[in-house]
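Listed here are the chains, written in short residue letters.
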Amino acid sequence: MVIAKERATANRHLLDWVDEMARLCTPDQVYWCDGSEEERRRLTDEAVAAGVLIPLNDEKRPGSYYSRSNPNDVARTEELTFICTPTKEGAGRTNNWMAPDEAYRRLGEIFRGAMKGRTMYVIPYLMGVPESPFAMIGVELTDSVYVVLNMRIMARIGNVALERLGSSDRFNRGLHSVADCDPARRFICHFPQDDTIWSVGSGYGGNALLGKKCLSLRIASYHARGQGWLAEHMMLLEAETPQGEKHYIAGAFPSASGKTNLAMIVPPPAFKGWTMRTIGDDIAWMRVGADGRLYAANPEAGFFGVAPGTNYHTNPTAMKMVEHDTIFTNVALTPDMDIWWEGMDPPEGELVDWRGRPWTPGAKEPAAHPNSRFTAPMENNPALSREAQDPNGVPISAILFGGRRSTTIPLVVESFNWTHGVYLGATAGAETTAAITGAVGRIRRDPMAMLAFIGYDAGDYFAHWLAMFGRMKRPPKIFLVNWFRKDGDGRYLWPGYGENMRVLQWIIDRCEGRASAMETPIGLVPRIGDLDLRGFDGKTANVERALRVDEDEWRRELEEHRKWLDQLGDRVPEPLRLQHRLLASSLEALGPR
Ligand code: OXD
Ligand code: MN
């Protein structure tokens, strides 16, 4: 039984709103989270007693817990996610829109009485470190103890946020209830103009941990446009060269495309003296600093990563990170209460799968859900950069845009200039994965990996990216990367993972004016000799194929870009349409070969 605590604040705006929401949802009690360690232990014990969390083997995985979701609630549900701006045009063509009045009414009906018999947890939280000018304050009201325990890993919660809030009314108001977890009554609604999020019917991370996708991307991107900064779906990493020179790289990749692996990259042995450190794996807030450079900060306090495919080869850092004090969701369980997922060494005996059914190796269905997750605190990461907590963020040298593409996109392309870079980001596409519900393996355009997260019109978002150029004295260089190109037999041409370091080195050297590149009609591409392939044990011929700009593939690709830009409507900025024409006519000028 949860102990209802004294209200922890005298902030009238907050108290009044919590009362109003409690009257709507009628919980049995309201509990204010303080964020303490004692609270973590107590709520964890309660979650265990309620069967929400299952303790894992304390010798093998100390301080770690397992959770199984409702099988109908395993990923973000973009078709049920809405931007509720006053006009439909405000949300643009890439978002679902619902009129604010209608959304408050429809969701209000579902929230009415939804917390009866339950506790309403009040989670004051900060995205960003407390001293940071980047920090944003939110308060999430939820009836899910799983959400509380995950939010306390992913954000800084409790008194730290209340202190920063003081008596202000400037905080994001988030209301969440799992309600009856019925997909027919599931909605994730954003009201940017009210700084409000209402999410009902799902307990899945991306839908329910409101500080993450909802606040730090959808709502933040809306504010960022008005205030002249960028809220992006990007990993952040620090690269230190053997000479002690530091570079910071931001990279936007769609969900489940190896963003976490890249943020935790371990260079191959030939890269002696290089140190790579993580700053963030999912979200970057970027502002222009006084020196005219672009500074980025990770607003999160933990990692909510995709488990399958993670192993000691693909991401040894993440494997170490999840050795303790981690919550696992929808992975498989071993007989001795440890965790397992596809991509780990084959299990010895029978497992229990993510739905709680017996599972034997060789079974048709995977043991772990393809979008099963680990939630681990930032401090667990042995390769965490000290700058991860820097209140001012880090100056970015390069921005990468990427995605899974089996054809067409070379291993790496440097843009000719900022506008061309924005074009490459705006037209980037990826084969879909399991992090969202729907078909897997189809190409969808995912501009800056933000398709699901731009809180307003995509054309206006591109215009905002273009306008950022004018605010910077030393803008980062922009690159397109693709670790996933395949040969005709479906085999990857590039080994990826740690080997991506060779591409990162070329990118850093380009930023420093130390490496050469070949001009092609679509951008600047390294020649094979421009990459450092010392100690590389793959085939050089495959690397050449991975680097190739195939003119026929690009003709088709540019035709898809045209359709995509047309689909986005007339708010697409003219410089991007001109850029398209320039690329298409440069290719045409080459004539048939
Ligand atoms: C995530 C996602 O969870 O993008 O980061 O789906
Ligand atoms: Mn993500």
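What you see is a predicted model, and the numbers here were worked out from it, not measured in a lab.

A.B. asks: Mind showing me how you'd approach the packing of aromatic side chains here?
C.D. replies: For any pair of aromatic rings, geometry is given as the distance between the ring centres together with the angle between the planes. Under the definition given, this model contains 21 aromatic pairs. A centroid spacing of 5.9 Å and a plane angle of 50° characterise the contact between Tyr461 and Phe462, whose relative ring orientation is tilted. As far as the burial class goes, Tyr461 and Phe462 line up, both buried. Put simply, the rings of Tyr104, Phe111, Phe191 and Trp198 touch in pairs and so form one group of aromatic residues. Across from the ring centre of Trp229, 4.4 Å away, lies the NZ or CZ of Arg287, which sits over that ring.

A.B. asks: I keep staring at the packing of helix H11 (residues 418–426) against helix H12 (residues 458–471) and nothing clicks. Help me out?
C.D. replies: Following both chains from N to C, one finds H11 and H12 inclined at 155°, their axes separated by 10 Å at the closest point. It follows from the interaxial angle that H11 and H12 lie roughly antiparallel. In this structure, H11 meets H12 at a crossing whose hand is right-handed. Residues Trp418, Thr419, Val422 and Ala426 of H11 touch H12, and the partners they reach there are Phe462, Trp465, Leu466, Met468 and Phe469.

A.B. asks: Help me understand the nonpolar core in this model?
C.D. replies: The nonpolar side chains of a soluble globular protein tend to be buried, and buried together. Met286, Trp341, Ile399 and Trp465 are the most contacted members of the largest nonpolar core, which has 153 residues in total. Ranked by the residues each element gives to this core, the list is headed by helix H5 (residues 145–154), at eight residues. Excluding residues that lie within four positions of it along the chain, Trp465 makes contacts with Leu230, Glu232, Met234, Met286, Ile399, Phe401, Trp418, Val422 and Met448. Grouped together as the second largest cluster of nonpolar side chains are 36 residues, Val18, Leu107, Ile110 and Leu141 included.

A.B. asks: Quick question: what am I supposed to make of the pattern of salt bridges here?
C.D. replies: A side chain with one charge may pair with a side chain of the opposite charge, provided their charged atoms come close. In total, this model carries 44 salt bridges according to the counting rule given. Among the ionic pairs, Arg225 bridges to Asp460, the shortest N-O distance being 3.7 Å. Here Arg225 is found in helix H8 (residues 211–227), whereas its partner Asp460 is found in helix H12, with 235 residues between them in sequence. Through salt bridges with shared partners, a single ionic network connects Lys212, Lys213, Lys259, Asp282 and Glu300.

A.B. asks: Mind showing me how you'd approach the layout of surface pockets here?
C.D. replies: To find the voids left in a structure, one rolls a probe of water-molecule size over its atoms. Roughly 620 Å³ of internal volume is contained in the second largest pocket. If you go around the second largest pocket, you meet 33 residues; those closest to its centre are Val52, Asp143, Ser144, Val145 and Tyr146. Across the lining of the second largest pocket, the residue classes tally to 13 nonpolar, 13 polar and seven charged. Here the lining of the second largest pocket gathers at least three residues from each of two domains, domain 1 (2–53 + 79–227) and domain 3 (303–380).

A.B. asks: Help me understand the site of ligand 1, please; the structure alone is not making it clear to me.
C.D. replies: What surrounds ligand 1 is a group of eight residues, the closest being Arg76, Lys213, Ser255, Asp282 and Arg373. In this structure, an oxygen atom belonging to ligand 1 sits 3.0 Å away from a side-chain N or O atom of Arg76. Contact between ligand 1 and Ser255: an oxygen atom at 2.5 Å from a side-chain N or O atom of the residue. If ligand 1 stood free it would expose 210 Å²; the protein chains cover 95% of that surface.

A.B. asks: Please explain the environment of Pro370 as it appears in this structure.
C.D. replies: Relative to the helices and strands, Pro370 is located in the loop between strand E23 (358–359) and strand E24 (373–377). In this structure the C-alpha to C-alpha distance between Pro370 and Arg527, which are 157 residues apart in sequence, comes to 36 Å.

A.B. asks: What should I look at first to understand helix H15 (residues 551–568) in this one?
C.D. replies: Residues three or four positions apart in an α-helix share a direction because the helix packs 3.6 residues into each turn. Taking 1.5 Å per residue, 18 residues should reach 26 Å; H15 reaches 25 Å between its end C-alpha atoms and fits that length. Where H15 begins, the side chain of Asp550 points an oxygen toward the backbone nitrogen of Asp552, at a separation of 3.0 Å. Gly569 lies just past H15 and shows a positive phi near 90°.

A.B. asks: What's the story with the domain arrangement of the protein in this structure? I'm lost.
C.D. replies: How large an interface is tends to be reported as the accessible area lost when its parts come together. Examined at the domain level, the protein breaks down into domain 1 (2–53 + 79–227), domain 2 (231–301 + 387–587) and domain 3 (303–380). The centre of domain 2, based on its C-alpha atoms, is set 29 Å off from the matching centre of domain 3. Between domain 2 and domain 3, the contact holds 17 residues from the first and 15 residues from the second. In this assembly, domain 2 and domain 3 are joined by zero salt bridges. For the pair domain 2 and domain 3, the interface holds three residue pairs in polar contact (both at pLDDT 80 or more). Per-element tally for the side of domain 2 that touches domain 3: the top contributor is strand E15 (residues 275–280), with three residues. Of the residues contributing to the side of domain 2 that touches domain 3, the split by class is nine nonpolar, six polar and two charged.

A.B. asks: Would you mind going over unusual backbone geometry with me for this structure?
C.D. replies: The general pattern is negative phi for most residues beyond glycine and trans for most peptide bonds. Positioned with a positive phi, Cys181 is a non-glycine residue whose angle comes to about 50°. With respect to the helices and strands, Cys181 occurs in the loop between strand E9 (172–177) and strand E10 (187–191). Relative accessible area serves as the criterion here: at 8%, Cys181 is assigned to the buried category. The backbone of Met448 sits at a positive phi, close to 50°, despite the residue not being glycine. Take Met448: it is sitting in the loop between strand E29 (443–445) and H12. The buried category is assigned to Met448, whose relative accessible area is 0%.

A.B. asks: It is not clear to me how empty space enclosed by the protein should be interpreted in this structure. Could you clarify?
C.D. replies: Considering all chains together, one arrives at three cavities of 30 Å³ or more under this definition. Reported here for the second largest cavity is a volume of approximately 100 Å³. Together, 15 residues line the second largest cavity, and Arg405, Ile409, Ala428, Gly429 and Leu480 are the ones closest to its centre. Per element, the largest residue contribution to the lining of the second largest cavity is three residues, and it comes from H15. Broken down by class, the residue content of the lining of the second largest cavity amounts to six nonpolar, six polar and three charged.

What counts, and at which threshold
Residues numbered from 1 in each chain as written. Chains lettered and ligands numbered in written order. Predicted model: local features only at pLDDT ≥ 70, side-chain atom pairs only at ≥ 80, totals over all residues. Heavy atoms only, no water. Phe/Tyr/Trp six-rings, centres within 6.5 Å; stacked < 30°, edge-to-face > 60°. Buried < 20%, exposed > 50% of the residue type's maximum accessible area, 1.4 Å probe, protein only. Lys NZ or Arg CZ within 6 Å of the ring centre and 35° of its normal. Axes fitted to C-alpha atoms, helices over the stretch in contact; angles between N-to-C directions. Helix = DSSP H or I, 4+ residues; strand = E, 2+ residues; numbered from the N terminus. Parallel < 35°, antiparallel > 145°, perpendicular 65-115°, else oblique. Left-handed = near helix turned anticlockwise from the far one by under 90°. Contact = heavy atoms within 4.5 Å. Core = buried A, V, L, I, M, F, W, Y, C linked by side-chain atoms within 4.5 Å. Salt bridge = Lys/Arg side-chain N within 4 Å of Asp/Glu carboxyl O. 1 Å grid on protein atoms, 1.4 Å probe; cavity = no way out; pocket = protein on both sides within 12 Å on 5 of 7 lines; lining within 4 Å. Points joined across faces, edges and corners; volume = space filled by probe spheres on them. Nonpolar A, V, L, I, M, F, W, Y, C, P; charged D, E, K, R; others polar. Domains from an automatic or database assignment. Near = heavy atom within 4 Å. Polar contact = N/O pair within 3.5 Å; in protein donor to acceptor, adjacent residues only side chain to side chain. Areas by Shrake-Rupley, 256 points an atom, 1.4 Å probe, with all protein chains shown as cover. Expected span 1.5 Å × (residues − 1).

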